[in-house]
Each structure stands twice: as structure tokens, then as C-alpha cells.
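Observations on the three-dimensional arrangement
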Amino acid sequence: MGLQERKQKIFYRKTKKGNILKIVREHYLRDDVWCGLDGCGACEGDKRPLDMLTTSDSTLMTEPHHLIIDTNVALHQIDVLSHDSITNVIILQTVITEVKHRSLPVYKRLRDLLDTHNKKFYVFTNEHHSDCYVEREEKESVNDRNDRAIRIATWWYKHHFRMNNQNVVLITNDIDNRDKARQLEVEAYTMHEYISSLQNAPGLLDIVAQVEEEKEEDVTYQGYIFPSHWSMEKIKLSLKSGKLYQGVFKTSRNNFLEANVMIEGFDKPVLIQGRLNINRALHDDVVAVQIFPKEQWSAPSAVVIDQEKQEAETGGNDDEKADEEAMKKEQELLAAGKGDGECQPTGCVVGVIRRKWRQFCGIIRKNEITDSTRHLFIPADKKIPFIRIETRQAESLYNKRLIVAIDSWPRNSRNPKGHFVRVIGTIGDKDAENEVILLEHDCPHTKFSESVLNCLPKLPWVITEKDEDEREDLRHIDVCSVDPIGCTDIDDALHCRLLPSGNYEVGVHIADVSHFIRPGTALDKEAQNRSTTVYLTNRRIDMVPDLLSSNLCSLRGSVDRFAFSVIWEMTPQAEVLSARFCKSIIKSRGELSYEQAQQRIDDPAMKDDLTESLRNLNMLAKQIKTKRIENGALVLASMEVKFHIDPDNDTVIDIVAKQHLETMSMVEEFMLLANVTAAETTLQHFPDCALLRRHPAPPPSNFEPLLAAAKSQNITLDVSSNKTLANSLNKSTREDNPFFNSMLRIMTTRCMMQAVYFCSGTLEPEEYSHYGLATPTYTHFTSPIRRYADIIVHRLLAVIIEAERTYPELLDPKKLSDLSQHINYRHKMAQYAGRGSSEITAIASLKGKVSEFMSYVLFLHKNAIQVLVPTIGQQLTLYLDNRHKRKEEKQAPKQEAMDVDEVPAPEFEFNEKELYVQCGELIIRPFDELRVQASVDASDVQHQRVVCRLVEPVIPGFSVPPLEKGSKQADKDEKQKDKPVEGPKDEKTAVALQVSEEKETKKKRETKDKERKKKKMKK
């Protein structure tokens, strides 16, 4: 037994230069490739995951059997294969190789199933088995050859298993392949046929994907809604000839019937309007676009169109016969909202080059037809169209958050078709809502695996003599950390001491996470995959296990910790004379909150060494910030708020604007300086493989909404450079509107490009700069507990100071560039998840009541005004369309609705060029102050839409009366009306309140910890 035959594969390739290259590959065939069955007497081998079965759950196949799947089943039915009831599956080498080439996400899921012990999946290397290998015949396609190889391998298994009274079943949805297998006397069924025959797998049939291939266009059939997609061959030829263009499809946030496709070489994105032109493309798909002649170009729509609202108004009928009528109404709505702005390239999608289909979270809409299995699924992501699914367990799913996958989008259906995957949890449940956010933003959040936890140091962890010899001992220096209240992942600390020369020694000490996370380990791979810690309002998903993030790597007070330190010598004028990096051991003198540190600085009675160190740091930080702003650094704004949540019932107690203290700016300035120093050092020593962070200057088109809004208030902004923009923002104020400048800065923030990581060897030096910080080079060094990019920078610096050895991947520009893209994606998704969590928490605080807020106009549309509400840190939509108004009033409490029947409905006129909305003599412009009422639409279970209604200025027939004075809610809102966003001017009072709050929070936390310990002891 052993090697039976050696075959040679010879093929030819043409190089880019036109030369013909002959490639010879050897292929070995053996007869000792094991079947994987536990207890098989004919086979040897160590890996035997397949069970010796004794029973069958299928009515089609009564004898014990194992499953063999073909490639299309693996690609399209991965959700079924992942179900707990599907075990003992044989994956042929032919199948797994083809899956790897066609879909990497499915391949990874298949590999996970193979690694899951209780699933009993086994890879059989049929391509190297002498009895199973098949040669490709003349004129036979690769697909047909692979199907034949699968049938032959299944036939071999059938005869091989006979001696053990076992059998196999081939699962294939290819009817031709199934019939040919049956000709070989092999049992073969489609996935639907086989799952239907299982007696003890209720609900599994709902998970079976109903895949429909797009048919050739039939001119006699009148039921098609969408034009057919071009063939890939035709698309490739047209892309080369310039007839088509390729880009990523991005659905508009404000209008689900409008999208943009950014194409290289175009100043503006290509506009796609209407379902027919969108032609079944989904958000983030890579599409082929045909651009219309210039006379057919259009301007972006001036109306806000919400998919769920539109479906509700058209009846939300999921009957395909009603599709044509609904689409006509959508086209009328688009035509009525046609924009008057500058036209931009406009076109249509003629084909999808690469689908970005994923699993979607959401709910199903209740079907009015009793016992119907057809339902509409409403995705949580508003940019995704409703999905038609079939399920027989709808009654148990109506109040649940679900996961659904798309199977296909036929030309005769207004919506894509999909299948139910699993239940996440009950609507409104804290854990279920958090999981929806994490899943929708692709944030890894499962528990750390055993292999990852095995990489952690054993407790008790101690510093050895060897550690002390290899590191600089800084435990005699007064080091302290300054962080938000309740922070447990403390990754930075500072010190400042006066030198005999009159200069200052300033140190920033960062947790040495790279000491515990060694390259190539399971812990390193997991941290790299996660790339960042995700912060939700009531939960934190760590990048590294808690033992590191909150213990060994957290620079707690009064304990010895490893650090990576950067130490400068500075003049009293904050001029940097020298800088050096070192691995160190520190012992923090205190883990202070921002408020505690501020209180020390402000209290003249405190003159201890630690307090003097803080005062000197603050003095130097102010000078560093002044110089940075003089160089053109931007001071932007965002509408961040802090949620006070009751730890017992997870409800929102209060929402307050985040305070800004001098100590916050102090820490920020030295972290920025440490990051700049790390960037300069790594770039100097590794010019081709330094991991840097760049912030590109926004293109002029990005500033157009900002400039138009500023112009409407007779403000002129100079956006020619970051320095001129910063100067313009500083001068733009309004005495009658103290929030005007903050609004202007918030709008400016929205014009910015995304800052991204990159490898220095992939770009020219002039592209390295950071627009917002006005620095030529920048990176991240200061937060390795929560950012994987910082760990890479630490490793580069460790090589520079000869504290560590390098490894191949660290100095490979291509791999570092790929890693940068991955980190950028994870970082962006984590930001979106955090914002989504804040939005859900803010909405939860509004449930069951009507609240009044002061708001500021952000954007104007023909049928809506989008306002920013600082009190809750959210953007709300105030619809001007009376259809929405009447619907909202029905949902509002009777005593708060205005009797609008006696007053004619107001007419709103939108001037897009001068940017204002006029109703009679009243004119509303960007940045104007409006008083609004907000409440949650209880009928909108999916998106928890906030109904926004105007209170002031009063528009007869449209505005609603203010809340009754004297009510608790009105009094509370009135107190918040004039509350400064930046926090109280009396900083000492604010500090005292925050310190008091911190003590109360600590008490609660200690009490809860004691209760947990008691429960554990009882268990």
C-alpha cells in the first residue's frame, strides 16, 4: 500500500511580455488515503471523526448513512450545514478547493465546521486517491469534470462502507448531477428533498436556501420587472473598451431609491436613481455602470424617502402582482422630489461584478393572511431592501430579532428572496439588541477560545530579575494615569520632573502589551482579527482577554507594570530638545480621573510632587496646543453625550453633554506628541514598512454643503487649506446663537475624509500628512490594549531599540498594507457600532413619553428638515409633508395634538440654491434654532423611529402646542433648554460634582462585586 502512480500536468501560460511559459506539475496517486470512519477495519490513520452510525432520521434513507455534498450545496447551503442537527458530513477535496476559489467567507465557515469536534466533518482527499481521481476528458468543462469526480468519490464510499453496514447520500441541487449519480446506483437527493425527509429537525426546512439562477431573457414573458444583467464576459469587454465603468454601490442614507457609485477618474460619483436603474444592486456591491448621455444627467433628489414609510403608505403588500403599481408610485415620488442643484453624471447598473451579500439582522412583518408561509423581512440596515422569506414558524418569530440570508433576486420580484437562519433574541432585550449592533457591523464578539486563553501568562505573575536587567527601572519616578471615571483598561501614564538645567523631563508610559502578545500565536491572531476594542453604551468588547486589558497590562496604581516609554527633554517653552524610547518598569502613584487631576491642579493648598508634576504637564500642554493650532491643526466638534445608566435594570437615568476639562486636553496633547514621535522614529529606521496613519485633505466637493449652509447665514469660509479653514471657523460666531460655532464645526467634521492606516512603502511621502492635526507624519502608539495598530508600532520600535528581534511579516510591505486595510475596516465598523449603540440608548430614553428639546437645523430638503438635538446627541428628521404629519398626530396623545382641521394645511417652499425653506413669511435656514417635540413611534418595532414635531416657531396648521407647564417632563426639558453644551463655566463646581459622582459609582460597583462573589460562593 502507498504510492500507486505519478501523473504529470502540463499547461502553458502567456506572460505579460508575450512569452509562452511551460508549466509542469506532478500529481501523485495513492491507495492509502483513509475514509475517516471510526472503526473501519480496511483503513488505518489517526484522524477518524466519522461515527459508526446505527440509525437514520430520514424517511428517504432508512439505513445509517453519511452525507457527501457538492460545491454548490457548500456555497449556498452553509447555514443548513452549520445547524446542530447536521453531522457526519464528508467534504471532498474537489469541493473544498473549489469553494476556496469562489467564496473565501464560505470557505472560512467550512473550515470552522471541520475544526468543530462535535460536527464530525471530514475532508477526503479524493484527488489523490487512485480509485477516485478522474482525468478531464476532451471538450469537458472544468465544472462537468468536478461533478464527475464527486460522483465517482461517492460511488467509492458507497462500496467501501458496505463492509461496515454504512451508506452515503450525495446532496446536490443540480438535477442533472443527481440523475447521473442515480445511474451509478448512488443515493442522491436535493437539499430540500433530504431536509424534508428528516423527522427530528423541526424548523430546519426554513433555513434551506432557495437559489434561483437568472434565466435568459424571454421576450414573450411579460412578468419581468428588472432588465437582465449583462454576462460577465460582455461586462469585461465593455470595461476594457470604456463603455462601462466599475465601482462600489453606495445607497443613500436619506433616500433608499437613490445611490452613488464612486468611479476612479470622476470628480463626482455617478448618480443612480430609481429601482429599475439600481437593477437589484445592494449596498457595497461592486457593480458595472453604464453612464447616460449628458442631457439625461440629473441632480440628487431633494426629498427624504424612507423605505418603511413608503411600504406602509402603499399597503406593504408582499404580493408580487402589486409590485408594478408600487414602483410607479415610487417613480412619481422621485420625479416630484427632483433636485434643482448641479447635475452630476447619472447612469444605471447593468451587472453586479461582486456581491457583498451577508447575513442580515431584522424582524419579519406580520402577514395579514393567516397560515401564509410567505413574509417580508425588514432589515435593521435601512440601506437594504425588504427580503421575501418563507417560514412555517412565523407565529413564534413575530416578536424576535432574526438573522436572514439572501439567496437570489429574480428579475420578476421587487425584493430579493432569502431564508431564515436563526433567532437572535426577543425585541427589546438588551443582549439581543447589542448582538444586532455587533453583527450588523461585523464586530467579532464571541468568547475567547481555549487556544487563545492558553497563551496568557499564568498567575501569580511576577517580575523576574531577568526582566529587571532587560528594562529601565522607573519605579522611583512619580508616574500617574489620568482617565475617564470608571476606566479599567488604563494604557497610558505620564510624569514630569524639573531637571537641574531648568528644562523638564516629560515621559509618556504606555502599557507594554506586545510583551504578552507574541507574533504568530493564537492570541496574536485573535487580536489581529478583532483589531480594536468596541465600546457600546452598556458593554465593552475587548480586543484582548480581560486578564491583559484590565489587569496585567492596565497601569493601575501602586503596582509594578511593564511599559513602553517615550521620554523627552523640553524647555519651559515646550520646545523638544531630545526624545528616546525604552522598555521600562513603572509603579503608578495614582490612577486619577480627569476630575481628580483637575481638582489637584486647581487646589493651591496641594503642593505634593505628584500635583506639581500635573501642573507642569498642564503648563507645557497648553503651549504645545497653541503651537499646533498655529500650524493649522483643526479644532472640530462632534455631538457626544454621556449616558447615565442604572446598572440594575439597564435603563437610562440621565443624558448629559460630555464635560471638557483642561486635564483632558493635557493628556490629549502628550498622547499626540508621543504618536508623532513614534511615527518619525519608525519612518526614519523603516522607510518602506512603517505603519503610519494619514488623513487626506477633503476634495473641494466635500465642502459644498458646508459652504452653502454658511453662505445662507452670510458667512464665508476659506477652505483652501487646513490653516485657512481653522482661521475661518475661529472667526465665525453669532451673538444671538451661542451654539452656532459648534454647529459649524460639527458640519465641518462631516466634510472630512476618513483617517486611515497605511504602510509607508505603498505611498509617496507627500501623501503621508495628517490634514486634521497638521503634521507631516502620524501614527498610533498610545493605546495597544484597544488597538492592534499600536502593537505593530511597538514591535517596530522594539526592533529599533534592540529590545526585540524582527520577523518576516513585520517588514513585508505587502502584508503590512493588507493588514492596514483590515485594521481600517475593523476600526470603521467599531465606530459605527458605537454610534448605533448611542442612538438606540438615546431612543430608549424617549420611550413612553413626549419630550421637548431645543434643536438646530442641519440639512434642508424639499419634504423634511434634519435637525441636531444637543441634549440627546442625535439627528432627527422633521417631515414637512402633511401625510406624515397627520399620521404622526394619530400616534400622539390626544391632549397634545393640535386641531388642524380648522386651519388650512401650510405650503412649504424649498429653495435649493439659496438653501432655505419658506412657509408664508417664515424662513428657516441652516443653523436656525427650532423647538421640537420628540416621541418614539411604538408601531415601528424595527427601527424605533423618533417622531419629531415642530413647536416653535409656530406655523398654524403644522406646529403642535408646547407641553403643559408644570408637568415634570416640561420642567426638566426647560432646565435643559439653556444648558451650555461645553459644561458649566465654573470648572471647580463641575469637578466637585464629578468627584462626588465618581465616589457614588465606585460604591455601587463595589457593592455589585460583593454580591457577585457571594453568589459564586453559594454556587
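Only a predicted model underlies this, so the values are computations on that prediction, with no experimental measurement involved. (Residues numbered from 1 in each chain as written. Predicted model: local features only at pLDDT ≥ 70, side-chain atom pairs only at ≥ 80, totals over all residues. Heavy atoms only, no water.)

Brief notes about the layout of surface pockets
- Its boundaries defined by the atoms lining it, the second largest pocket holds a volume of some 640 Å³.
- Forming the walls of the second largest pocket are 20 residues, and the residues nearest its centre are Lys9, Glu127, Val142, Arg145 and Asn146.
- Listed by contribution, the elements that provide at least two residues to the lining of the second largest pocket are β1 (3–14), β2 (20–30), α3 (93–102) and α5 (142–160).
- Looking at the lining of the second largest pocket element by element, the count peaks at five residues for α3. (1 Å grid on protein atoms, 1.4 Å probe; cavity = no way out; pocket = protein on both sides within 12 Å on 5 of 7 lines; lining within 4 Å. Points joined across faces, edges and corners; volume = space filled by probe spheres on them. Helix = DSSP H or I, 4+ residues; strand = E, 2+ residues; numbered from the N terminus.)

As for empty space enclosed by the protein
- Counted under the stated rule, the structure contains four cavities of 30 Å³ or more.
- Estimates place the volume of the largest cavity at around 160 Å³.
- Lining the largest cavity are 17 residues; nearest its centre among them are Phe256, Ile278, Ala281, Pro385 and Trp409.
- Those elements giving two or more residues to the lining of the largest cavity turn out to be β8 (245–251) and α9 (275–278).
- Considering only residue class, the lining of the largest cavity consists of ten nonpolar, three polar and four charged.
- If you add up the space inside the second largest cavity, you get close to 40 Å³.
- Asp442, Cys443, Pro444, Arg530, Thr532, Val534, Arg826 and Ala830 are the residues that line the second largest cavity. (Nonpolar A, V, L, I, M, F, W, Y, C, P; charged D, E, K, R; others polar.)

Here we look at the pairing of β8
- Examined bridge by bridge, β8 and strand β11 (residues 286–291) share four bridges and lie antiparallel to one another. Bridge pairing links Val248 to Val286 in β11.
- Taken together, the four bridges between β8 and strand β9 (residues 258–262) define a ladder with antiparallel strand orientation. The partner of Val248 across the bridge, within β9, is Met262.
- Linking β8 back to β9 in an antiparallel pair, the connection comprises six residues. (Pairing = 2+ DSSP bridges.)

With respect to the sheet that holds strand β33 (residues 909–911)
- Taken in spatial order, the three strands of this open sheet run β33-β34-β35, and their pairing is antiparallel. This sheet does not close on itself; its edge strands, each paired only once, are β33 and β35 (922–924). For this sheet, the mean angle separating the axes of adjacent strands, direction not counted, is 25°.
- Where β33 meets strand β34 (residues 916–919), three bridges bridge the pair, whose relative direction is antiparallel. Residue pairing across strands places Phe910 opposite Val917, the latter belonging to β34. (Axes fitted to C-alpha atoms, helices over the stretch in contact; angles between N-to-C directions.)

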